[in-house]
Amino acid sequence: MDLQALQRWHRQISEELEAVGEFWIRHSHDEKYGGFFTCLGQDGQVYDDLKYVWLQGRQVWMYSRLYRTVPKFHRPEVIEAARAGGEFLIRHACAAPGSQKCAFVLTRDGRPVKIQRTIFSECFYVLGLDELGRATGEPHYREAALKMMEAIMRWVREDPSELGRPQLTGATPHDSMAVPMMLLNLVDQLSEGDAKAASQFAELGSWSAQRILRHVQRNGAAVLENVSEDGKELPGCMGRQQNPGHAIEAGWFLLRHAQRQRDAGLVSQAVEKFMKQPFRSGWDPEYGGLFAFQDVDGLCPTQLEWRMKLWWPHTEAMVAFLMGFAETRDSELLEMFDQVAKYAFDKFRDPEAGEWFGYLTQEGRVALSIKGGPFKGCFHVPRALHMCKEILESLISEAKSLNQE
């Protein structure tokens, strides 16, 4: 891809980032209680005022990062909305006094509706409040993030009893790739520009990376979503499950870790095993786009949406391939970026009402017209656009310097 092509993508992605950001600014702010509405219809109309804690944390992170790094979003309304979202989380996210366990769903005014027996609401609480502290310069937000991080680490590595999962004798103990992925992402966030935190969480980062690598199975030929607690393949549907988008996302998490550790071997594993391989096997040869789920043996997956095309695997692939190219200069990665970005802009983007659709049929037609819900909020699309914009700016600057020599 030549300089002009990089510049075209940079222009298109920058314009789209501005449009997507403005969509959420116009439609999602709860001026009465703080926090954000994420259940938005195609035109941004609120169709449900429930608040999902992981999406609240994600939007606090996104607004804070945009405010801190993108001049067009360095506006009082952006940081004040982020602050109101952060305060909403601090007041209401924890479901019971004395516990760090967060609700999954809250009412509009912050009363708990549902709790999940996982760590993901808490993880995005950490992500959002840490970034809010960086954007505002107010240390109590990062202190709250670190306190929650301590609880997460205890639940994952020492005592999971507070999560409330019953110990059933017939249940198969297993490790989901999502847990070490999320921890590695938090280490990346907490360590950014903070030598003390980087030292504090270095061991956790290495542990998380090694746990992710255990999901490479079949003599290196497949990334499986679930493995046994000792890193072996599991029987049945759970053991055969593949999630191409998740594997690719894990690839750029691993790549960031490898860059921090200056580990060339891990760079190669991240690119070859977690980016290229899942993309090749997960891309629909008939209609284009990444399948949501696959079965490693080619059997029919049991997930009802397995053949659908979801927004987030494609945004994660855009980030992964562009980041991988910037690190390795492997032209195949740039071709993959171009392929997935063209599909994503053509199929998911809504040029009339703004933002992106999240759920397409296998053929690439819009299946759900909503722009947000319990799982899709102000995160994957703007995060990918923001990260790709920054990577492209670096590549363009380097290309211009080389042209001048």
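Treat the numbers as computed from the prediction; the structure is a model and nothing was measured. (Residues numbered from 1 in each chain as written. Predicted model: local features only at pLDDT ≥ 70, side-chain atom pairs only at ≥ 80, totals over all residues. Heavy atoms only, no water.)

### Concerning the overall build of the protein chain
- Per the secondary structure count, the protein chain includes 14 helices and 14 strands.
- For the protein chain, the spread of C-alpha atoms along the three principal axes comes to 55 × 55 × 45 Å.
- A buried classification covers 57% of the 405 residues belonging to the protein chain.
- Considering only residue pairs separated by 6 or more positions, the protein chain has 66% of its internal contacts joining residues 24 or more positions apart.
- Of the accessible surface of the protein chain, which amounts to about 17,200 Å², a share of 49% is contributed by carbon and sulfur atoms.
- Between the centroid of the 47 positive side chains of the protein chain and the centroid of its 55 negative side chains there is a distance of 1 Å. (Helix = DSSP H or I, 4+ residues; strand = E, 2+ residues; numbered from the N terminus. Buried < 20%, exposed > 50% of the residue type's maximum accessible area, 1.4 Å probe, protein only. Contact = heavy atoms within 4.5 Å. Areas by Shrake-Rupley, 256 points an atom, 1.4 Å probe, with all protein chains shown as cover. Lys, Arg positive; Asp, Glu negative; His and termini not counted. Charge placed at Lys NZ, Arg CZ, Asp CG, Glu CD.)

### Side note on the sheet that holds strand β4 (residues 105-106)
- Spatially, three strands are ordered β3-β4-β5 in an open sheet, and the strand pairing comes out antiparallel. Lying at the two open borders of the sheet, with one neighbouring strand each, are β3 (51-52) and β5 (112-114).
- Looking at chain direction, β4 and β5 are connected through two bridges and run antiparallel. Looking at β5, one finds that Val105 is bridged to Lys114. (Pairing = 2+ DSSP bridges.)

### Looking at the side chain of Arg65
- Along the chain, the position of Arg65 falls in helix α2 (residues 53-69).
- On the basis of relative accessible area, Arg65 is assigned to the buried category, the value being 10%.
- When neighbours within four sequence positions are excluded, Arg65 is seen to be in contact with Val70, Glu131, Gln189, Glu192 and His386.

### Some points on helix α10 (residues 244-261)
- Across its 18 residues, α10 extends 26 Å between first and last C-alpha, which sits within 8% of the 26 Å expected from 1.5 Å per residue.
- For α10, the buried fraction is high: 14 of the 18 residues fall into the buried class. (Expected span 1.5 Å × (residues − 1).)

### Some details on the packing of helix α12 (residues 311-328) against helix α14 (residues 380-404)
- In contact at an axis separation of 9 Å, α12 and α14 are set at 15° when each is read in the N-to-C sense. Between α12 and α14, the crossing angle belongs to the class labelled roughly parallel. Between α12 and α14 the crossing geometry is left-handed. The segment α12 lies against α14, with Trp311, Trp312, Thr315, Glu316, Met318, Val319, Leu322, Met323, Phe325 and Ala326 engaging His380, Val381, Arg383, Ala384, Met387, Cys388, Ile391, Leu392 and Leu395.
- Looking at the contact of α12 with α14 residue by residue, the classes come out as 15 nonpolar, two polar and two charged. (Axes fitted to C-alpha atoms, helices over the stretch in contact; angles between N-to-C directions. Parallel < 35°, antiparallel > 145°, perpendicular 65-115°, else oblique. Left-handed = near helix turned anticlockwise from the far one by under 90°. Nonpolar A, V, L, I, M, F, W, Y, C, P; charged D, E, K, R; others polar.)

### Some words on the environment of Val223
- Within the secondary structure layout, Val223 lies in strand β8 (residues 222-223).
- Classification of Val223 as buried rests on a relative accessible area of 7%.
- C-alpha of Val223 to C-alpha of Phe274: the two residues are 51 residues apart in sequence and 7.1 Å apart in space.
- Setting aside chain neighbours within four positions, we find Val223 in contact with Met177, His215, Val216, Gln242, Ala247, Lys273, Phe274 and Pro278.

### Quick look at the nonpolar core
- Counting 129 residues, the largest nonpolar core has Met318 and Phe321 as its most contacted members.
- Here the element with the most residues in this core is α12; it accounts for 10 residues.
- The residues touching Phe321, leaving out its near neighbours within four places in the chain, are Ile248, Met275, Phe279, Leu333, Met336, Phe337 and Val340. (Core = buried A, V, L, I, M, F, W, Y, C linked by side-chain atoms within 4.5 Å.)

### What about the side chain of His215?
- As for its placement among the helices and strands, His215 is situated in the loop between α8 (202-213) and β7 (216-217).
- Here His215 falls in the buried class, since its relative accessible area comes to 1%.
- Within the local environment of His215, its side chain forms a polar contact with the backbone oxygen of Leu224, the two atoms lying 2.8 Å apart. (Polar contact = N/O pair within 3.5 Å; in protein donor to acceptor, adjacent residues only side chain to side chain.)

### Observations concerning the packing of helix α11 (residues 264-282) against α12
- Contact geometry for α11 and α12: axes closest at 11 Å, N-to-C directions at 145°. The crossing of α11 and α12 is left-handed. Residues Val267, Val271, Met275 and Phe279 of α11 touch α12, and the partners they reach there are Ala320, Phe321, Gly324, Glu327 and Thr328.
- In terms of residue class, the contact of α11 with α12 is built from six nonpolar, two polar and one charged.

### Section: the pattern of salt bridges
- Scanning all chains against the criterion turns up 39 salt bridges.
- Among the salt bridges present, the one from Arg75 reaches Glu22, with a minimum N-O distance of 2.8 Å. Taken together, the residues span a long stretch of sequence, with Arg75 in the loop between α2 and α3 (76-92) and Glu22 in helix α1 (residues 3-27) at a distance of 53 residues.
- Across the pair Glu393 and Lys389 runs a salt bridge whose closest N-O atoms are separated by 2.8 Å. Of the two residues, Glu393 and Lys389 both sit in helix α14, four residues apart, roughly one turn of that helix.
- Of the residues examined, Lys389 reaches a relative accessible area of 15% and is grouped as buried.
- A cluster of three or more residues bridged by salt bridges with shared partners is formed by Glu272, Lys276, Arg280, Asp330 and Glu332. (Salt bridge = Lys/Arg side-chain N within 4 Å of Asp/Glu carboxyl O.)

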